[in-house]
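So you can see what is in the structure, the chains are spelled out below.
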Amino acid sequence: MKTKEDLVTYDIKKISEMIKEKKISPVEIALKFLKRIENIDPIINSFITVDREDVIEQAHKVQREIEAGNYKGPLHGIPIGLKDLIYTVNAKTTMGSEIYQDFVPEFNATVVEKLKEAGAILIGKLNTHQFAYGPTGDRSYFGPVRNPHNPEKMTGGSSSGSAAAVSACLCYAALGTDTGGSVRVPASFCGVVGMKPTYGRISKQGVYPLSWTLDHVGPLTRTVADNAIVMNALAGFDKNDPYSIDRESEDFLRDIGKGIAGMKIGLPTKFYFDDMNDEVRTIMNKTIQVLRNMGAVVKSVDLPHLEKFSDAHKVILRSEAFAVHEQNLKDYPDQWDDEVKERLYTAMETKGYEYAQALQTRQLAKEEFNRVLENVDIIFTPTLPILPPKIGERHVDIEKYIGQHIRWSIIKLTAPTNLNGFPSLSVPCGFSSDGMPVGFQLIGREFDEVTLYRVGHALESELSINTAKYDILN
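Cut-offs applied
- Residues numbered from 1 in each chain as written.
- Predicted model: local features only at pLDDT ≥ 70, side-chain atom pairs only at ≥ 80, totals over all residues.
- Heavy atoms only, no water.
- Helix = DSSP H or I, 4+ residues; strand = E, 2+ residues; numbered from the N terminus.
- Axes fitted to C-alpha atoms, helices over the stretch in contact; angles between N-to-C directions.
- Left-handed = near helix turned anticlockwise from the far one by under 90°.
- Contact = heavy atoms within 4.5 Å.
- Nonpolar A, V, L, I, M, F, W, Y, C, P; charged D, E, K, R; others polar.
- Phe/Tyr/Trp six-rings, centres within 6.5 Å; stacked < 30°, edge-to-face > 60°.
- Buried < 20%, exposed > 50% of the residue type's maximum accessible area, 1.4 Å probe, protein only.
- Expected span 1.5 Å × (residues − 1).
- Bend = angle between axes of the 7 residues up to and from the residue.
- Salt bridge = Lys/Arg side-chain N within 4 Å of Asp/Glu carboxyl O.
- Pairing = 2+ DSSP bridges.
- Patch = residues over 30% accessible without salt bridge, like charges linked within 9 Å, V, L, I, M, F, W, Y side chains within 5 Å.
- Areas by Shrake-Rupley, 256 points an atom, 1.4 Å probe, with all protein chains shown as cover.
- Lys, Arg positive; Asp, Glu negative; His and termini not counted.
- Charge placed at Lys NZ, Arg CZ, Asp CG, Glu CD.
- Parallel < 35°, antiparallel > 145°, perpendicular 65-115°, else oblique.
- Right-handed = clockwise from strand over helix to strand, strands pointing away.

*Asks:* Before we move on, could you go through the environment of Arg-292 and cite the residues and values that matter?
*Replies:* Mapped onto the fold, Arg-292 is located in helix α8 (residues 278-293). Measuring from C-alpha to C-alpha, the distance between Arg-292 and Ile-265 comes to 9.3 Å, with 27 residues separating the pair along the chain.

*Asks:* For the packing of helix α9 (residues 306-331) against helix α10 (residues 338-345), give the residues involved together with the corresponding values.
*Replies:* The relative placement of two packed helices comes down to the angle between their axes together with the axis-to-axis distance. Two elements in contact, α9 and α10, have axes whose closest approach is 8 Å; the angle formed by their N-to-C orientations is 115 degrees. In the packing of α9 onto α10, the handedness of the crossing is left-handed. In contact with Leu-317, Ala-321, Phe-322, His-325 and Leu-329 of α9, α10 contributes Lys-341, Arg-343, Leu-344 and Tyr-345. For the contact of α9 with α10, the residue count by class is six nonpolar, one polar and two charged.

*Asks:* Could you give an account of the packing of aromatic side chains, naming the residues involved and the relevant values?
*Replies:* Summed over all chains, the structure comprises 16 aromatic pairs. Each ring, one from Tyr-141 and one from Phe-142, has its centre 5.2 Å from the other, and the planes form 80 degrees; the classification is edge-to-face. Residue class for Tyr-141 comes out partly exposed when judged on its relative accessible area of 39%. Through successive ring pairs, a cluster of aromatic residues spans Tyr-87, Tyr-100, Phe-103, Phe-107, Phe-131, Tyr-208 and Trp-336.

*Asks:* Could you give an account of α9, with specific residues and numbers?
*Replies:* Between its first and last C-alpha, α9 extends 38 Å over 26 residues, near the 38 Å set by a 1.5 Å rise per residue. At His-325, α9 shows its maximal bend, which comes to roughly 50 degrees.

*Asks:* Help me get a handle on unusual backbone geometry, residues and values and all.
*Replies:* That bond from Gly-157 to Ser-158 is cis: its omega, 10 degrees, falls within 30 degrees of zero. Positive phi, close to 65 degrees, is recorded for Asn-90, a residue that is not glycine. Along the chain, the position of Asn-90 falls in the loop between β2 (79-83) and α4 (110-117). Look at Phe-447: it is not a glycine, yet its phi comes out positive at around 65 degrees. By relative accessible area, Phe-447 is classed as buried at 13%.

*Asks:* Summarise the side chain of Thr-287; cite the residues concerned and give the values.
*Replies:* Within the element layout of this structure, Thr-287 appears in helix α8. If sequence neighbours within four positions are ignored, Thr-287 has contacts with Phe-380, Cys-429, Phe-440, Leu-459 and Leu-463.

*Asks:* Lay out the pattern of salt bridges with the relevant residues and their values.
*Replies:* The full count for this structure, using the stated rule, is 18 salt bridges. Between Asp-178 and Arg-184 there is a salt bridge whose closest N-O contact spans 2.9 Å. For the pair Asp-178 and Arg-184, a shared accessibility class is recorded, and that class is buried. A salt bridge links Lys-366 to Glu-446, with the nearest nitrogen and oxygen atoms 3.0 Å apart.

*Asks:* Please provide a residue-by-residue account of the sheet that holds strand β3 (residues 121-126), values included.
*Replies:* Spatial ordering of the open sheet is given by β1-β3-β2-β6-β8-β7-β12-β13-β11-β9-β10, a layout of eleven strands whose pairing is mixed. Either end of the sheet is taken by a strand with one partner, and the two such strands are β1 (47-49) and β10 (297-301). Averaged over all pairs of adjacent strands, the angle between their axes in this sheet comes to 35 degrees, without regard to strand direction. Summarising the sheet, strand β7 (residues 193-196) and strand β8 (residues 216-221) pair through two bridges and their orientation is antiparallel. Within β8, the position partnered with Gly-194 by the bridge is Leu-220. Against the sheet, helix α5 (residues 160-167) touches β1, β2, β3, β6 (173-178) and β8, its axis set at about 155 degrees to β6. The strands touched by helix α7 (residues 224-234) are β6, β7, β8 and β12 (424-431); relative to β8, the strand with the most contacts, the crossing angle is about 140 degrees.

*Asks:* Give a description of the side chain of Thr-223 that names residues and reports values.
*Replies:* With respect to the secondary-structure elements, Thr-223 resides in the loop between β8 and α7. Discounting residues that sit within four places of it in the chain, Thr-223 has contacts with Asp-11, Val-193 and Glu-460.

*Asks:* Can you tell me about a negative patch on the surface, naming the residues and giving the values?
*Replies:* Taken together, Asp-51, Glu-53, Asp-54 and Glu-57 make up a surface patch of like negative charges. Looking at the secondary structure, you find Asp-51 in the loop between β1 and α3 (52-67). For Asp-51, a relative accessible area of 42% translates into the label partly exposed.

*Asks:* Go over the packing of α9 against helix α11 (residues 352-373), please, and point to the residues and values.
*Replies:* Between α9 and α11, the least distance of the axes is 9 Å, while the angle of their chain directions is 135 degrees. Classified by the angle their axes make, α9 and α11 are oblique. Between α9 and α11 lies a crossing whose hand is left-handed. The segment α9 lies against α11, with Leu-306, Lys-308, Phe-309, Ala-312, Val-315, Ile-316, Ser-319 and Glu-320 engaging Glu-354, Tyr-355, Ala-358, Leu-359, Thr-361, Arg-362, Leu-364, Ala-365, Glu-368 and Phe-369. Looking at the contact of α9 with α11, its residues break down into eleven nonpolar, two polar and five charged.

*Asks:* Give a detailed account of the pairing of β2, specifying residues and quantitative values.
*Replies:* Burial of β2 is extensive: five of the five residues sit out of reach of the surface. Residues Pro-79, Gly-81 and Lys-83 point to one face of β2 and Ile-80 and Leu-82 to the other, with burial holding for every one of them. As judged from the five bridges shared by β2 and β3, these two strands associate in the parallel manner. Of the residues in β3, the one forming a bridge with Pro-79 is Ile-121. In this fold, the crossover linking β2 to β3 by way of α4 has right-handed handedness. With three bridges joining them, β2 and β6 adopt parallel strand pairing. Among the inter-strand pairings, Gly-81 is bridged to a residue of β6, identified as Ala-174.

Pasting the structure below:
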């Protein structure tokens with residue numbers, strides 16, 4: 001049986017039962033995490049802001065609620081971190097930038113209000129690639145985030161701090177944002193579970209944008225069930241978000257544990273498996289065999305226009321990112337990371353008709369994935385074609401990508417579902433020979449996160465991989 005000394009490694013399901021039964025107090029949990037952040041985070045640099053007094057005050061408040069018999073559910077008393085793009089009243093929201101290093105919003109993001117309603121303890125604001133514009137996670141005004149499995153390696157981004165903090169057991173869950181893979185990429189590199197939900201499923205109100213039509217908010221956790229628990233609190237229509245879609249509420253946990261015998265799993269015949277690190281390929285093949293052993297029907301599927309979808313995503317991303325930041329580029333020309341600034345200015349090469357064509361390609365991407373998903377339950381792919389590079393590294397040794405900036409190999413397999421908005425889940429499935437995590441990606445029908453959680457949980461249970469990094473120095 002685990003002791004209270006390692007309660008930070010518990011999953012939300014276990015620790016929430018202990019809180020509900022009053023076997024442990026939210027104050028005790030909060031103090032444990034605050035101490036661990038103090039000791040461990042200087043190594044990985046996942047947090048930008050932690051207000052110790054506020055965290056303790058939150059913990060006492062939720063403890064009083066629970067003692068009074070007002071238990072709100074499985075997030076009551078659970079410490080959760082927030083990517084530092086998510087607005088918080090009376091707490092800095094920096095976007096990982098010098099420009100906003102002292103910015104304090106006047107209102108909370110909708111997702112913050114939802115977590116507070118669920119009784120969560122908001123433990124701090126998490127580091128991010130500057131303005132979320134980069135999948136490497138090592139370009140922040142506050143310094144690079146380091147991978148808990150090897151501090152010399154990058155976490156991936158842009159939700160770098162979110163993934164690292166969950167992996168390093170500095171919080172039970174965290175929120176990130178995903179525009180080209182920025183939840184799933186660091187989830188895979190750091191060995192945690194990351195969900196990019198269907199576009200419009202979770203409100204973006206009060207979240208600093210990168211690309212209005214590609215941005216998603218999603219949870220990062222250490223288990224699939226925990227991820228579904230957080231999704232239950234976050235999902236829902238928000239009249240203040242023009243991109244929010246009105247759907248009936250549902251329980252994302254409802255099919256977890258049902259098994260996957262007889263389910264149809266689609267494997268794309270090209271693009272997703274074309275060019276990848278040999279160790280990643282070996283781990284994927286082993287995971288696919290596990291699917292077959294569990295009784296799933298694995299079949300090939302054809303998605304012929306994925307390169308076109310990838311190109312359209314790039315056009316939309318650079319165009320909308322420049323539109324978001326045009327004024328700040330004029331007003332603060334010297335307060336940028338050079339790489340981020342240079343990337344923003346690539347939008348000047350894009351013509352209006354190219355942006356219009358890219359928007360039309362989004363519809364083709366929806367139709368193509370819908371056609372495939374009429375005949376299979378989910379699509380299985382690697383999350384990433386590469387292993388975590390070293391911090392600052394900008395090229396990989398896969399032949400196709402030699403001379404190309406590392407960002408394109410990192411987001412190659414995640415970006416298509418940012419374009420069409422389909423839900424995608426990254427789950428750990430193994431380790432490389434040097435101990436770095438590898439994740440697989442599940443892609444589902446619009447608003448069918450339940451099936452992704454079902455398959456993800458089944459594989460997670462069968463693989464029995466513990467990717468939480470409790471001892472950062474070993």
